[in-house]
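Residue strings, one per chain:
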Amino acid sequence: MHAASIERVGVGTDIHRLEVGRILKLGGIEIEFDRGLKGHSDGDVVLHATADALLGAAGLPDIGEQFPDDDPRYKDADSRTLVSSVVALVAELGFEPSNVDVVIHAERPKLTAYKMAMRQSLAGLLALPPERVNIKAKTHEGLDAVGRGEAIACTAVVGLGRPANTS
Ligand SMILES: [Zn+2]
């Protein structure tokens, strides 16, 4: 089902600017808010940071190289597709996610009510049981671009292992 032990660890970070007239998506979940994240794709910082953490753990080039943002194929792309592609790339090297730990840096909106849905969404994308996916949200206490509500950022750490021998 899932990796027996962690062999590799990777970290990913991302930040996107908040803009009026965009839909806010975090972890593949639509969040009710008066603005959303600006980006070539849907701007989902959680999925982008997670994808980079997966690629980092596998020793592969980052999402900027794999999915160039000047490539029209990725315009307004659903970032869930991107994460699925990355999981497939990692699997080609014989790895699978063992766990993921995510910190969302956002002054607003309050994300508590969405944490379980995001956890389940991410678990589904990574083929992990939800208890191996952790989502935390932190404000920046009014400091910097995140603190002023101009952006939302994310930090993700992913463990990779070899699939457990099920034979
Ligand atoms: Zn991004």
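Residues numbered from 1 in each chain as written. Predicted model: local features only at pLDDT ≥ 70, side-chain atom pairs only at ≥ 80, totals over all residues.

1. Focus: helix α3 (residues 79-92)
Note on helix geometry: an α-helix contains 3.6 residues per turn, so any two residues three or four positions apart are oriented the same way. With 14 residues, α3 extends 20 Å from end C-alpha to end C-alpha; this agrees with the ideal 20 Å at 1.5 Å per step. Every buried residue of α3 is accounted for by Ser79, Leu82, Val83, Val86 and Val90. The buried side chains of α3 occupy one side of the element, clustering within an arc of 95° when seen end-on. Along α3, exposed side chains directed more than 90 degrees from the buried face belong to Ala88 and Glu92. Where α3 is buried, its residues contact α1 (45-58), α2 (63-66), α4 (115-126) and β7 (151-161). Of the residues one or two after α3, Gly94 is the one with positive phi, at around 85°. (Helix = DSSP H or I, 4+ residues; strand = E, 2+ residues; numbered from the N terminus. Expected span 1.5 Å × (residues − 1). Buried ≥ 20, exposed ≤ 12 C-beta atoms within 10 Å, placed from the backbone. Arc of directions from axis to C-beta. Contact = placed C-beta atoms within 7 Å.)

2. Some points on the packing of α1 against α3
The contact between α1 and α3 brings their axes to 9 Å, and the two run at 10°. In terms of orientation, α1 lies roughly parallel with respect to α3. In contact with Leu47, His48, Thr50, Ala51, Leu54, Leu55 and Ala58 of α1, α3 contributes Ser79, Arg80, Leu82, Val83, Val86, Val87 and Val90. Tallied by class, the residues present in the contact of α1 with α3 amount to ten nonpolar, three polar and one charged. (Axes fitted to C-alpha atoms, helices over the stretch in contact; angles between N-to-C directions. Parallel < 35°, antiparallel > 145°, perpendicular 65-115°, else oblique. Nonpolar A, V, L, I, M, F, W, Y, C, P; charged D, E, K, R; others polar.)

3. Details of the environment of Asn134
Topologically, Asn134 is positioned in strand β6 (residues 133-138). Accessibility expressed as a C-beta count within 10 Å gives 15 for Asn134, which makes it partly exposed. Considered as a pair, Asn134 and Asn99 are 35 residues apart in the sequence and their alpha carbons are 8.2 Å apart. Setting aside its immediate chain neighbours within four residues, Asn134 contacts Asp101 and Val102.

4. Some points on the sheet that holds β6
In sheet architecture, strand pairing relies on hydrogen bonds along the backbone and comes in two forms, parallel and antiparallel. Spatial ordering of the open sheet is given by β4-β1-β7-β5-β6, a layout of five strands whose pairing is mixed. Here the strands that pair on one side only, and so sit at the sheet edges, are β4 (35-37) and β6. The average angle at which neighbouring strand axes cross in this sheet is 20°, direction not considered. As defined by bridge partners, strand β1 (residues 6-20) adjoins β7 across eleven bridges and the pair is classed as antiparallel. Bridging from a neighbouring strand, Arg17 pairs with Ala151 of β7. Where α4 meets the sheet, it contacts β5 (96-105) and β6, and its direction lies at approximately 140° from that of β6. (Pairing = 2+ DSSP bridges.)

5. Here we look at the pairing of β6
Of the pairings in the sheet, the one linking β5 to β6 comprises six bridges and is parallel in character. Its bridge partner being in β6, His105 is matched across the sheet by Lys138. Read from β5 through α4 to β6, the crossover connection turns out right-handed. (Right-handed = clockwise from strand over helix to strand, strands pointing away.)

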